[in-house]
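Single-letter residue listing:
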Amino acid sequence: MIEIEHVTQRYGASVAVDDLSLEIAAGEFCVIIGTSGAGKSTVLRMINQLARQSSGAIRIDGEDVSRLPLAQLRRRIGYVIQSIGLFPHWTVARNVGAVPELLGWPKARTRARAAELLAALKLAPGAFLDRYPHELSIGQQQRVGIARALAADPDILLMDEPFGALDPITRQALQAEIAEIQRSNRKTVVFVTHDMDEALRLASRIAVMDQGQLVQAATPLELLSAPANDFVRDLVGRDDLGLKLLGLAAVERRMRPGEPAPGPPLAAGASLREALSRMVAEGCDRLAVVDAEGRPLGAIHLADLLRR
Amino acid sequence: MTMRLRDPLLWASLALTALAALMPHSKPLFAALFPGLARPLFELDGCADLLAGHLLLVGASSGAAILLGVGAAIFVTRPAGAEFRSLVATIVAIGQTFPPVAVLAVAVPVIGFGFYPAFIALLLYGLLPIVDTAIAGLDAVPATLRDAARGMGMSEGAILRKVELPLAAPAIIGGIRISVIINVGTATVASTVGARTLGLPIIIGLDAANPAYILQGAIPVALLAIVLDLAFGRLLTALQRRRHSRPGG
């Protein structure tokens with residue numbers, strides 16, 4: 001658990017983070033969102049003490065981070081940044097194994113761990129372990145960046161706009177992968193972005209920041225249905241609020257089990273937003289719902305989307 | 001094998017060795033080239049001895065300049081030394097502005113004739129390219145890499161050793177290359193204060209209007225500069241081939 005208590009960060013006369021308090025439970029996927037300069041990155045950098053707060057306290061599992069030795073603190077926190085920061089003179093294997101190397105793992109174990117993580121991030125270990133970063137696409141580099149952050153199996157992962165430089169397709173793929181990694185390994189993730197769709201897709205809780213202050217911390221549904229003020233309302237977007245709400249729920253939660261439907265099939269894990277989009281595109285008011293193997297599960301009607 | 005036979009570094013080194021070994025036997029050649037000269041061959045010191053003295057002076061002064069220069073560059077690129085950055089740059093630039101001859105002239109009354117005034121003059125003269133390129137090389141390491149390294153719990157010393165110096169190495173070695181080559185040439189002047197270098201036959205040759213002496217000093221010096229330049233070029237290519245120093249983009 002990460003506890004941020006009345007934390008303020010001043011740079012000279014300007015205040016980057018202003019009396020911010022936030023508790024992030026273990027296993028939570030917390031997304032900090034806000035406009036540029038809202039102080040989001042500073043919050044992350046104070047958690048691993050790359051920035052030292054001017055006042056207030058940050059505790060991880062009850063331990064004050066400013067009292068822990070820096071190296072020890074940072075080696076148990078994964079850190080992923082938008083600019084990736086792979087070491088260009090090291091191979092992928094050595095980059096991924098950077099923290100294990102610092103921790104003094106045996107070479108064979110480090111390499112095996114690097115291979116395991118690359119495979120988990122859909123990079124064939126045989127093809128990538130001995131390549132250099134500049135030989136990789138940006139998307140592949142960021143996969144390596146994530147693998148590097150995960151190498152020593154930290155409980156906490158800090159991600160600072162990790163997908164900001166990626167094209168939309170790579171971005172979505174990596175969002176799905178990081179969501180999967182977080183779920184299956186019970187990591188606590190603190191993720192900074194300025195993209196509300198990304199926040200809604202990933203977060204179990206969203207913390208909205210504006211001018212250094214925490215405006216609202218709530219689940220995606222709460223944020224959409226009860227925005228705290230106009231700033232949050234603008235951030236979530238007034239025009240497509242309904243679509244965003246639909247994006248939060250999966251088809252399987254609203255479908256009519258067992259009912260046959262003539263329409264084109266939709267995966268049960270798809271969002272209601274996708275269901276609506278398909279109905280509009282296909283000009284129909286019902287769709288068949290199938291499981292991952294394509295077996296029919298039921299149907300979803302246009303009316304089901306309107307139920308609250 | 002054919003690659004090695006075409007290697008210019010190999011041939012230049014062989015030529016220099018042969019020159020040093022054969023120079024004492026070259027009297028008939030220079031006598032034929034310069035028939036008017038009473039003493040066509042410089043015989044006060046052997047060419048090999050002078051070459052060794054030359055290398056010793058350049059090696060010692062460049063070695064000291066590397067330690068001092070790279071050390072200073074590392075210091076002023078740390079937060080603790082940032083304040084001294086412009087001071088160091090100024091001092092080093094002044095060191096480069098004084099002609100070595102002037103430094104020699106000032107040094108001799110203080111520490112006397114011989115190796116040491118030459119050593120100091122060359123050390124000062126060789127600092128600028130090393131400090132300049134080392135600072136530029138260290139500055140060119142992207143801040144995001146330092147950030148990533150720090151974020152994973154690397155100590156400042158480890159960041160310097162494992163990230164900054166390896167990435168700055170091509171620039172640093174480039175600066176050392178320039179500095180050493182300059183000093184090979186400048187070391188000839190050091191003979192005016194009694195350092196035994198290949199400059200000795202040149203100075204005496206100039207004084208005595210003996211072009212043969214001048215050639216017997218100048219040719220080995222030129223060849224030595226070529227050998228060292230090729231060797232540094234080789235080192236840089238090896239570095240570049242082994243690592244891929246362009247930040248991925």
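Residues numbered from 1 in each chain as written. Chains lettered and ligands numbered in written order. Predicted model: local features only at pLDDT ≥ 70, side-chain atom pairs only at ≥ 80, totals over all residues. Heavy atoms only, no water.

On the chain B side, the residues contacting the 25 residues of chain A number 22 residues. For the pair chain A and chain B, the summed buried surface comes to about 2,000 Å²; carbon and sulfur atoms form 65% of the total. For chain A, the biggest contributors to the area lost against chain B are Phe87, Pro88 and His89 of chain A; these three give 29% of the whole. Where chain A touches chain B, the interface holds 2 salt bridges. With a shortest N-O distance of 2.6 Å, aspartate 147 of chain B and arginine 45 of chain A are connected by a salt bridge. The interface formed by chain A and chain B includes 5 residue pairs in polar contact (both at pLDDT 80 or more). Take the side of chain A that touches chain B: its biggest share by element is 4 residues, from helix H4 (residues 98-103) of chain A. Classifying every residue of the side of chain A that touches chain B by side-chain character gives 14 nonpolar, 6 polar and 5 charged. (Contact = heavy atoms within 4.5 Å. Buried area = accessible area lost by both parts, 1.4 Å probe. Salt bridge = Lys/Arg side-chain N within 4 Å of Asp/Glu carboxyl O. Polar contact = N/O pair within 3.5 Å; in protein donor to acceptor, adjacent residues only side chain to side chain. Helix = DSSP H or I, 4+ residues; strand = E, 2+ residues; numbered from the N terminus. Nonpolar A, V, L, I, M, F, W, Y, C, P; charged D, E, K, R; others polar.)

Applying the stated criterion across every chain, the model contains 7 aromatic pairs over all chains. Judged by centre distance (5.8 Å) and plane angle (40 degrees), the ring pair of phenylalanine 29 of chain A and phenylalanine 191 of chain A falls under tilted. Taken as a pair, phenylalanine 29 of chain A in strand S3 (residues 29-34) and phenylalanine 191 of chain A in strand S8 (residues 188-193) lie far apart in primary sequence, 162 residues in all. Note on phenylalanine 29 of chain A: relative accessible area 2%, which makes it buried. Seen in terms of ring centroids, phenylalanine 75 of chain B and phenylalanine 84 of chain B are 5.5 Å apart; in terms of plane orientation they differ by 40 degrees. Their pairing is tilted. Phenylalanine 75 of chain B sits in the partly exposed class, given a relative accessible area of 38%. Accessibility expressed as a relative area gives 39% for phenylalanine 84 of chain B, which makes it partly exposed. Here the aromatic cluster, defined as three or more aromatic residues joined through ring pairs, consists of Phe29, Phe163 and Phe191 of chain A. Between the NZ or CZ atom of arginine 94 of chain A and the centre of the ring of tryptophan 90 of chain A, over which it lies, the distance is 3.8 Å. (Phe/Tyr/Trp six-rings, centres within 6.5 Å; stacked < 30°, edge-to-face > 60°. Buried < 20%, exposed > 50% of the residue type's maximum accessible area, 1.4 Å probe, protein only. Lys NZ or Arg CZ within 6 Å of the ring centre and 35° of its normal.)

Residues and elements named next belong to chain A. Empty space within the largest pocket amounts to approximately 1,000 Å³. Broken down by element, the lining of the largest pocket gets its largest block of residues, 7 residues, from helix H8 (residues 168-185). Grouping the constituent residues of the lining of the largest pocket by class yields 12 nonpolar, 9 polar and 9 charged. (1 Å grid on protein atoms, 1.4 Å probe; cavity = no way out; pocket = protein on both sides within 12 Å on 5 of 7 lines; lining within 4 Å. Points joined across faces, edges and corners; volume = space filled by probe spheres on them.)

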